[in-house]
Amino acid sequence: MAINTDKNSYTFIFAIIMVVVVGALLAFVSSSLSGTISENIRLEKQQNILYAMGVNNNDEGSVEFISTSEVAQVFNQYIKKQLVIEGDQITEDKEAFLIDLKKEAERAKNGEARRLPVFIGEKEGKTFYVLPMLGKGLWDAIWGYVALDDKLVIQGVFFDHKGETPGLGANIKQRFFMDDFTGESILKNNDIVGVKVIKGNNDPLNNDKLDNEVDALAGATITGNGLSAMLSDSFKLYENYLNSILVQ
Amino acid sequence: MGLLSKKDAALIKDPLFDNNPITIQVLGICSALAITAELKASIVMGLSVLFVLGMGNVVISLMRNIIPSKIRIIVQLVVVAALVIIVDQVLKAFAYELSKTLSVFVGLIITNCIIMGRFEAFALGNGPWKAFLDGIGNAGGYAIILVIIGFFRELLGSGTLLGFQVLGDPIAKTGVYALGYENNGFMLLSPMALIVVGLIIWVQRARNPKLQESH
């Protein structure tokens, strides 16, 4: 092959062809898979919401969601209402679980009203209020779903993250951490304060459910602080609604 | 694979031990420190790099005669980034759970200096089959060290292996914890990974004096 690969014209042509070919390839892959991917994301949200209110296939120690093949049906069975809070207005919306919290936060920044989804579920005659939330960890976004009862006691949580450190911050989605939240009240002297992730507290087994504290993860201080902030910020957003469902 | 010539076999075997990318060339340290707090992550990362480096080396080797030398680094970056993105998209569509486990690694793979190093040092000057063997060998050497580090960090830091509590329950005080043993939380932090790498380097060079640099 006698191509002079050092010529400027060759370099330019090569670069242009490479960019076009790679760009086309990536665009093709992305557009042909996007349907399947968004369906996966949709099912995952339903799985997460159900997980938080205790509808899951957990055995001891594992995190097992309702399988993707039946989650859509189970979701309709347990989730009785999906509400959207916008300012003082509360409307029902069958697709509220698809609301993108990040976009809503940006809207709020631009001075527009933020849409806040609430999922009302019923299991064994008990009503659960599942709130979605979004926050910042150490490296990237963290998010979660918290299921409350009408006394504002946490009935279950599900946390997830985009890129926390494996073995450290990534453990927020492990059972031993998430299970600690169950039974914690988010009230303190009748004010909504949330639950904090605390280092070195005197209650590592988490027997005290009224202290608004759970034991932190070793080596994950910033993720833990981000999680505490996410909880208290989100509960603040829902404050009026939560006060309206609170049964003293 | 039994038909490999001696030279070809050396392409795989050398980087596994005597020319290991982490302990001898000291490349790829950043990811070796960042994600080895548990064994599972180490294995997943090792396999991902194995795939990307094997494929990438072949692609670069096939293109070696037409890549303009002035922009070869950019071409290498584009190849590895495109490969990683395609893998990521395919996993998201067909193995969603696995793709979530991998999410944090995707960026780390693209920036892994072993990959650029092998493209530059080997694939640009050798045929695709040799380049493939070299890629597998180097990624294998990287994976071995990651697994060793991950094994010790998870065992001593969390008392678990692949998530199973092999040393007993630290809270209920069973197994070795009943004897007063405690997990060393320091093992979970990256400085200890560096110390483990140092220990591996020490052991390796003590066993094979040829590897010691003269001063």
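Residues numbered from 1 in each chain as written. Chains lettered and ligands numbered in written order. Predicted model: local features only at pLDDT ≥ 70, side-chain atom pairs only at ≥ 80, totals over all residues. Heavy atoms only, no water.

Hey, could you go over helix α5 (residues 221–237) of chain A for me, with residue numbers and the actual values?
The terminal C-alpha atoms of α5(A) lie 24 Å apart, and with 17 residues this matches the ideal 24 Å at 1.5 Å per residue to within 8%. Along α5(A), the positions that sit buried rather than exposed are A:Thr223, A:Gly224, A:Gly226, A:Leu227, A:Ser228, A:Met230, A:Leu231, A:Ser234 and A:Phe235. (Helix = DSSP H or I, 4+ residues; strand = E, 2+ residues; numbered from the N terminus. Expected span 1.5 Å × (residues − 1). Buried < 20%, exposed > 50% of the residue type's maximum accessible area, 1.4 Å probe, protein only.)

Any details on helix α1 (residues 6–16) of chain B? Residues and values, ideally.
Residue and element names in this part refer to chain B. Inspection of α1 places Asp8, Leu11, Ile12 and Pro15 among the buried residues, and these make up the whole buried set. For α1, the buried positions fall inside an angular range of 90° around the axis, keeping them on one side. Within α1, the exposed residues directed more than 90 degrees away from the buried face are Lys6, Lys7 and Lys13. Structurally, α1 contributes buried residues whose contacts are with α7 (128–158). (Arc of directions from axis to C-beta. Contact = heavy atoms within 4.5 Å.)

Break down a nonpolar patch on the surface for me, citing the residues and quoting the values.
Side chains of B:Phe17, B:Ile144, B:Ile148, B:Phe151, B:Phe152 and B:Leu156 sit close together on the surface and give an oily, nonpolar patch of about 460 Å² of accessible area. Tracing the backbone shows B:Phe17 in the loop between α1 and α2 (29–34). (Patch = residues over 30% accessible without salt bridge, like charges linked within 9 Å, V, L, I, M, F, W, Y side chains within 5 Å. Areas by Shrake-Rupley, 256 points an atom, 1.4 Å probe, with all protein chains shown as cover. Salt bridge = Lys/Arg side-chain N within 4 Å of Asp/Glu carboxyl O.)

Describe the interface of chain A and chain B, with residues and values.
Contact residues are listed per partner, giving 33 residues for chain A and 31 residues for chain B. In total, chain A and chain B occlude about 2600 Å² of area from one another, counting both sides; carbon and sulfur atoms represent 72% of this. Joining chain A to chain B, the criterion identifies zero salt bridges. In this structure, the connection of chain A to chain B is made through seven residue pairs in polar contact (both at pLDDT 80 or more). When the residues that make up the side of chain A that touches chain B are grouped by side-chain class, the tally is 16 nonpolar, eleven polar and six charged. (Buried area = accessible area lost by both parts, 1.4 Å probe. Polar contact = N/O pair within 3.5 Å; in protein donor to acceptor, adjacent residues only side chain to side chain. Nonpolar A, V, L, I, M, F, W, Y, C, P; charged D, E, K, R; others polar.)

With reference to specific residues and values, describe the pattern of salt bridges.
Pairing is possible between side chains that carry opposite charge, provided their charged atoms lie close to one another. Residues and elements named next belong to chain A. A full pass over the atoms with the stated rule returns twelve salt bridges over all chains. For Glu104, the salt bridge goes to Arg115, with nearest N and O atoms at 3.3 Å. Linking Glu104 in helix α3 (residues 101–109) with Arg115 in strand β3 (residues 115–123), this pair joins segments that are eleven residues apart in sequence. Taking the relative accessible area as the measure of exposure, Glu104 reaches 3% and is therefore buried. Across the pair Arg107 and Glu112 runs a salt bridge, and its minimum N-O distance is 3.9 Å. Overall, Arg107 belongs to the partly exposed group, its relative accessible area being 26%. Note on Glu112: relative accessible area 44%, which makes it partly exposed. Three or more residues joined by partner-sharing salt bridges are found here, namely Glu86, Glu104, Arg107, Glu112 and Arg115.

Lay out the packing of aromatic side chains in plain terms, naming residues and giving numbers.
Residue and element names in this part refer to chain A. Under the criterion given, the structure shown has twelve aromatic pairs over all chains. Plain terms: the ring middles of Tyr51 and Phe158 are 5.2 Å apart, the flat faces sit at 65° to each other, and that makes the pair edge-to-face. Residue Tyr51 is found in helix α1 (residues 8–52), and its partner Phe158 is found in strand β6 (residues 154–161); the two are separated by 107 residues along the sequence. Relative to Phe97, the ring of Phe75 has its centre 5.3 Å away and its plane inclined at 55°; by these criteria the two rings are tilted. Pair noted here: Phe75 is in helix α2 (residues 71–78) and Phe97 is in the loop between β2 (89–92) and α3, with a separation of 22 residues, a long-range link. Grouping aromatic residues by their ring pairs yields a cluster made of Tyr51, Phe65 and Phe158. (Phe/Tyr/Trp six-rings, centres within 6.5 Å; stacked < 30°, edge-to-face > 60°.)

How would you sum up the packing of α7(B) against helix α8 (residues 190–207) of chain B? Please name residues and give values.
All names here are of chain B. Orientation of α7 relative to α8, taken along the N-to-C sense of each, is 125°, at an axis distance of 10 Å. On the basis of the axis angle, α7 is oblique to α8. As for how α7 packs across α8, the hand of that crossing is right-handed. Residues Ile145, Ile148, Ile149 and Arg153 of α7 touch α8, and the partners they reach there are Ser190, Ala193, Val196, Val197 and Ile200. (Axes fitted to C-alpha atoms, helices over the stretch in contact; angles between N-to-C directions. Parallel < 35°, antiparallel > 145°, perpendicular 65-115°, else oblique. Left-handed = near helix turned anticlockwise from the far one by under 90°.)

Geometric values such as these leave the question of function open.
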